[in-house]
Amino acid sequence: MDVQIHPSWKEVLKEEFNKPYFKQIVTFLRAEKANGKHIFPPGPLIFNAFNQTPWNKVSVVIIGQDPYHGAGQAHGLSFSVPNGIKPPPSLVNIFKELKTDIGMDMPVQYGNLTKWAQQGVLLLNAALTVREGDPFSHAKYGWADFTDEVIKKISDQKENVVFLLWGKFAQEKQSLIDENKHFVLKAAHPSPFSVEKGFFGCKHFSKTNQLLMQNNLPPIDWKLLTP
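Attention here is on the structure that accompanies the text.

Definitions and limits used
Residues numbered from 1 in each chain as written. Predicted model: local features only at pLDDT ≥ 70, side-chain atom pairs only at ≥ 80, totals over all residues. Heavy atoms only, no water. Core = buried A, V, L, I, M, F, W, Y, C linked by side-chain atoms within 4.5 Å. Buried < 20%, exposed > 50% of the residue type's maximum accessible area, 1.4 Å probe, protein only. Contact = heavy atoms within 4.5 Å. Helix = DSSP H or I, 4+ residues; strand = E, 2+ residues; numbered from the N terminus. Expected span 1.5 Å × (residues − 1). Pairing = 2+ DSSP bridges. Axes fitted to C-alpha atoms, helices over the stretch in contact; angles between N-to-C directions. Phe/Tyr/Trp six-rings, centres within 6.5 Å; stacked < 30°, edge-to-face > 60°. Lys NZ or Arg CZ within 6 Å of the ring centre and 35° of its normal.

Before going further, it helps to spend a moment on the nonpolar core. Trp9, Phe50, Trp116, Trp143, Phe146 and Ile154 are the most contacted members of the largest nonpolar core, which has 69 residues in total. If sequence neighbours within four positions are ignored, phenylalanine 146 has contacts with Leu13, Glu16, Phe17, Tyr21, Phe22, Phe47, Phe50 and Leu128.

With 14 residues, helix α5 (residues 89-102) should reach 20 Å at 1.5 Å per residue; the first-to-last C-alpha distance of 20 Å fits that figure. Residues Ser90, Leu91, Asn93, Ile94, Phe95, Glu97, Leu98 and Asp101 constitute the buried set of α5. Following α5 by one or two positions, glycine 103 has its phi on the positive side, about 80 degrees.

Spatial ordering of the open sheet is given by β3-β2-β5-β6, a layout of four strands whose pairing is parallel. Here the strands that pair on one side only, and so sit at the sheet edges, are β3 (121-125) and β6 (183-187). Taken over all neighbouring pairs, the strand axes of this sheet differ in orientation by 20 degrees on average, direction set aside. Sheet topology note: the strand β5 (residues 162-166)/β6 ladder contains five bridges and is parallel. Residue leucine 164 lies in a different strand from β6, and its bridge partner there is leucine 185. Relative to β3, helix α7 (residues 139-157) is tilted by about 150 degrees, and along the sheet it contacts β2 (60-64), β3 and β5.

Moving on to the pairing of β5. Taking burial as the measure, the five residues of β5 include five buried ones, the bulk of the element. Neither face of β5 is exposed, since Val162, Leu164 and Trp166 on one face and Phe163 and Leu165 on the opposite face are all buried. Here β2 runs beside β5; their pairing, made up of three bridges, is parallel. By the bridge assignment, valine 61 is partnered in β5 with phenylalanine 163.

Right, let's get into the environment of proline 82. In this structure, proline 82 sits in the loop between β2 and α5. Considering only alpha carbons, one finds proline 82 and threonine 129, 47 residues apart in sequence, at a separation of 16 Å.

By the criterion of burial, β3 is predominantly enclosed, with five of the five residues buried. Side chains Val121, Leu123 and Asn125 project from β3 onto one buried face, and the interleaved Leu122 and Leu124 project onto a second face that is buried too. Pairing of β2 with β3 involves five bridges; the strand directions are parallel. Within the sheet, the bridge partner assigned to isoleucine 62 lies in β3 and is leucine 123.

Bringing the packing of aromatic side chains into the picture now. For the structure on display, the rule yields 22 aromatic pairs. For the ring pair phenylalanine 17 and phenylalanine 47, a centre distance of 6.3 Å and an interplane angle of 85 degrees mean the geometry is edge-to-face. A residue pair is termed long-range when its members are at least 10 positions apart, and phenylalanine 17 in helix α2 (residues 14-17) and phenylalanine 47 in the loop between β1 (39-40) and α4 (48-52) qualify at 30 residues. With a relative accessible area of 22%, phenylalanine 17 lands in the partly exposed category. Ring centres 6.1 Å apart and planes at 50 degrees place the aromatic pair tryptophan 116 and phenylalanine 205 in the tilted group. In this pair, tryptophan 116 sits in helix α6 (residues 114-119) while phenylalanine 205 sits in helix α9 (residues 204-214), placing the two residues 89 residues apart along the sequence. Three or more aromatic residues link up through ring pairs in this structure, and these residues are Trp9, Phe17, Tyr21, Phe22, Phe47, Phe50, Trp55, Trp143 and Phe146. Here the guanidinium or amino end of lysine 158 rests over the ring plane of tryptophan 55, the centre of that ring lying 4.9 Å away.

Remember that the coordinates give geometry; whether it matters functionally is a separate question.
In structure tokens, the structure reads:
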């Protein structure tokens, strides 16, 4: 699958790659491909979050559930879509909150969040792959074990990371985070089904930067450079 992952993460996660659950993931993905299933994102982008955000740069974590399951949408960063793909509804709502929170101009046909990732925002989906047209289809095949370990390693080995937990699923990961060392901001999910229940008005983007600066860490430039 020509997996690409930053060397810093290879070192941090080397034990995980040798555990039985991870071998189960690999076996499952090979079986899916052998059965002609289309898997998103493409192989080289499965670990894109870890490739774009090196271990030493992680200062913010945004947890999603699993990749977009439509053709061309997923590229390994939670909530993000590649250039040329129209932003899905949840991402549009994120942009609306950014507009009211920090005054960011609303991108219309642009939803690539790579700029955030390269500044230290780990855009982590709990499951790193999905079958085309079948949401959550890979969620029960070991990915949660892997990404839970990622969250725990960040919690154990780093300090002053801001975790943004949007919606019930992400908030279930709160128990993995040492809140004596890190910051947890919670809100409703930006999905159209729940956005009015507490995502709009959460001001997580400005609050994140306040927390980072209070700890002498560089703030995130949330504004996107649209084409």
